[in-house]
Amino acid sequence: MSYDDNNIFARILRGEIPNDTVYEDDAVLAFRDISPQAPVHVLVIPKGAYVSLDDFTQMASAEEVGRFFKTVGEIARSLGLVGDGFRTIANTGVNGGQEVPHFHVHLCGGRRLGRMIAKD
Ligand code: AMP
């Protein structure tokens, strides 16, 4: 799947759409989900143009992947999620329920989140 420059997170990265930023550096942006599923629901994205976790882990350097996930951990700690625990989600493709085709990690916490996967 090729990268769609007009996906909503690409537009956020270009400053075309506002976001509620919780962290930013030269490679990573983290912002609050517009439709939170938990008291704390933050999305962490690389600034590079990667469609999914599959794309990111194939195309990005090991240094970039490692730095990204180190930053995800730092953000979780800075949000105070670690003490009571939290959930990290990276949806990929149709079966994963991925809606936005720019790789992102959800950080959800602030309450007990129940079952990992809902039975449909
Ligand atoms: P996913 O289903 O894993 O692709 O998740 C996409 C997430 O992006 C959903 O939780 C949406 O609520 C969230 N989202 C969509 N548009 C925005 C936006 N403009 N700002 C913040 N979060 C958004």
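Structure first, text after, so check above.
Residues numbered from 1 in each chain as written. Predicted model: local features only at pLDDT ≥ 70, side-chain atom pairs only at ≥ 80, totals over all residues. Heavy atoms only, no water.

Concerning the site of the ligand
Working step 1: Around the ligand there are 16 residues in total, and Asp 33, Asn 91, Glu 99, His 104 and His 106 lie nearest to it.
Working step 2: Asn 91 is positioned with one of its side-chain polar atoms (N or O) 2.9 Å from an oxygen atom of the ligand.
Working step 3: Here the ligand, which alone exposes 510 Å², has 86% of that area covered by the protein.
Working step 4: Among the detected pockets, the ligand sits in the largest pocket.
Working step 5: Elements represented by at least two residues in the shell around the ligand include exactly helix H1 (8-13) and strand E2 (28-32).
Working step 6: It is H1 that contributes the most residues to the shell around the ligand, 3 residues altogether.
Working step 7: The residue inventory of the shell around the ligand, partitioned by class, reads 7 nonpolar, 6 polar and 3 charged. (Near = heavy atom within 4 Å. Polar contact = N/O pair within 3.5 Å; in protein donor to acceptor, adjacent residues only side chain to side chain. Areas by Shrake-Rupley, 256 points an atom, 1.4 Å probe, with all protein chains shown as cover. 1 Å grid on protein atoms, 1.4 Å probe; cavity = no way out; pocket = protein on both sides within 12 Å on 5 of 7 lines; lining within 4 Å. Sits in = over half its atoms within 2 Å of the grid points. Helix = DSSP H or I, 4+ residues; strand = E, 2+ residues; numbered from the N terminus. Nonpolar A, V, L, I, M, F, W, Y, C, P; charged D, E, K, R; others polar.)

Examining empty space enclosed by the protein
Using a probe with the size of a water molecule, rolled over the atoms, empty space left in the structure can be pinpointed.
Working step 1: What the rule picks out here adds up to 1 cavity of 30 Å³ or more.
Working step 2: Looking at the largest cavity, its volume works out to about 40 Å³.
Working step 3: Taken together, Ala 27, Val 28, Pro 46, Phe 56, Glu 64, Arg 67 and Phe 68 make up the full set of residues lining the largest cavity.
Working step 4: Per-element accounting of the lining of the largest cavity gives the leading share, 3 residues, to helix H3 (residues 62-78).
Working step 5: Here the lining of the largest cavity is composed, by residue class, of 5 nonpolar, no polar and 2 charged. (Points joined across faces, edges and corners; volume = space filled by probe spheres on them.)

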